[in-house]
Amino acid sequence: MIGVVDVTDQETHYVVNVEFHDKAARRGYHFQDHNKYSMASLGEQGIVYAAPSQDGQPSTVYYRPYDSWASQADWTRQLLQGEDALCVAAGGAVGDGMGSVIVATSKGYVRFFSSSGIQRYLWRIGEDAVTMVAGKEMVFIVHREGGTSLDGTLTVMTDRVGLMFQAAKICATQSWT
């Protein structure tokens, strides 16, 4: 584990606290969050936050690298109107740039961003993502496949995608009720 993100609701805003397990490698920090981020992912190179759309504002994705040579290396992107972030993951290897950001959305897309905030790839999985996790070279995505059957069974598919964007379909389908 890299660390933990803790959020305190102050009604008008959140206070986000980030603590790292290896305190010798990275210092923790906190900030006031007026976007009210509802999800986050700690990666080897940085942390990504996302908030759903609210009060007419589109869903927001914010990435903050841990180390950077630039003074303003963090970035914010707003998703298209009516498209909300469902899952986020931060990946990439140490020493290989500043990481990658992956966002699964309510429109069935998985958006791959570079560490500088440029969308490098857009993949349509078609259904809602359930969860995902990113590592140094891959992102693992669990998503729905079709609807729920009459007996209440939900079929999910798993996909493994290289952060260099060579997709490899995993032939494992799980049915959960």
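These numbers come from a predicted model, not from an experiment. (Residues numbered from 1 in each chain as written. Predicted model: local features only at pLDDT ≥ 70, side-chain atom pairs only at ≥ 80, totals over all residues. Heavy atoms only, no water.)

Undergrad: Looking at this structure, how should I read unusual backbone geometry?
TA: The general pattern is negative phi for most residues beyond glycine and trans for most peptide bonds. Positive phi outside glycine occurs at Glu11, with the angle close to 70°. Glu11 gets classed as exposed once you look at its relative accessible area, which sits at 68%. The phi angle at Asp55 is positive, at roughly 50°, despite the residue not being glycine. Taking relative accessible area as the criterion, Asp55 reaches 77% and is therefore assigned exposed. (Buried < 20%, exposed > 50% of the residue type's maximum accessible area, 1.4 Å probe, protein only.)

Undergrad: How do you make sense of the nonpolar core when you look at a structure like this?
TA: Looking at soluble globular proteins, one finds that nonpolar side chains tend to be buried together. Counting residues in each nonpolar core, the largest one holds 14 residues, and the members touching the most others are Ile102, Val110, Phe112, Trp123, Met132 and Val139. Elements supplying a minimum of two residues to this core: strand S8 (85-91), strand S9 (100-105), strand S10 (109-114), strand S12 (129-134) and strand S13 (138-148). Of all the elements, S12 adds the most residues to this core, at three residues. (Core = buried A, V, L, I, M, F, W, Y, C linked by side-chain atoms within 4.5 Å. Helix = DSSP H or I, 4+ residues; strand = E, 2+ residues; numbered from the N terminus.)

Undergrad: For this particular structure, what's the right way to read the packing of aromatic side chains?
TA: Two descriptors summarise a pair of aromatic rings, namely the distance from one centre to the other and the angle between the planes of the rings. A full pass over the atoms with the stated rule returns 10 aromatic pairs. For the ring pair Tyr29 and Phe31, a centre distance of 6.3 Å and an interplane angle of 25° mean the geometry is stacked. Note on Phe31: relative accessible area 18%, which makes it buried. With centroids separated by 5.5 Å and ring planes inclined at 80°, the aromatic side chains of Phe31 and Tyr49 adopt a geometry described as edge-to-face. Pair noted here: Phe31 is in strand S3 (residues 29-33) and Tyr49 is in strand S5 (residues 46-51), with a separation of 18 residues, a long-range link. One aromatic cluster is present, formed by Tyr29, Phe31, Tyr37, Tyr49 and Tyr62 through successive ring pairs. Over the face of the ring belonging to Tyr109 we find Arg124, whose NZ or CZ atom lies 5.3 Å from the ring centre. (Phe/Tyr/Trp six-rings, centres within 6.5 Å; stacked < 30°, edge-to-face > 60°. Lys NZ or Arg CZ within 6 Å of the ring centre and 35° of its normal.)

Undergrad: Help me understand the pattern of salt bridges, please; the structure alone is not making it clear to me.
TA: Close approach of charged atoms lets side chains of opposite charge pair. Applying the stated rule across the entire model yields two salt bridges. Here Lys23 makes a salt bridge to Glu19, at a shortest N to O gap of 3.2 Å. Owing to a relative accessible area of 56%, Lys23 belongs among the exposed residues under this scheme. For Glu19, a relative accessible area of 37% translates into the label partly exposed. Between Glu83 and Arg111 there is a salt bridge, with its nearest N and O atoms 3.0 Å apart. Here Glu83 is found in the loop between strand S7 (75-78) and S8, whereas its partner Arg111 is found in strand S10, with 28 residues between them in sequence. (Salt bridge = Lys/Arg side-chain N within 4 Å of Asp/Glu carboxyl O.)

Undergrad: Explain the pairing of S5 here, please?
TA: Along any regular strand, the residues point their side chains to alternate faces of the sheet. The buried count for S5 comes to six of six residues, which makes it a mostly enclosed element. Every second residue of S5 is oriented toward a common face, with Gly46, Val48 and Ala50 on one face and Ile47, Tyr49 and Ala51 on the other, all of them buried. Both strand S4 (residues 39-42) and S5 contribute to a ladder of four bridges, which runs antiparallel. When the bridges of S5 are listed, Leu42 appears paired with Ile47. Here S4 folds back onto S5, and the loop between the two strands holds three residues. As judged from the six bridges shared by S5 and strand S6 (residues 60-65), these two strands associate in the antiparallel manner. If you follow Ile47 over to S6, its bridge partner there is Arg64. (Pairing = 2+ DSSP bridges.)

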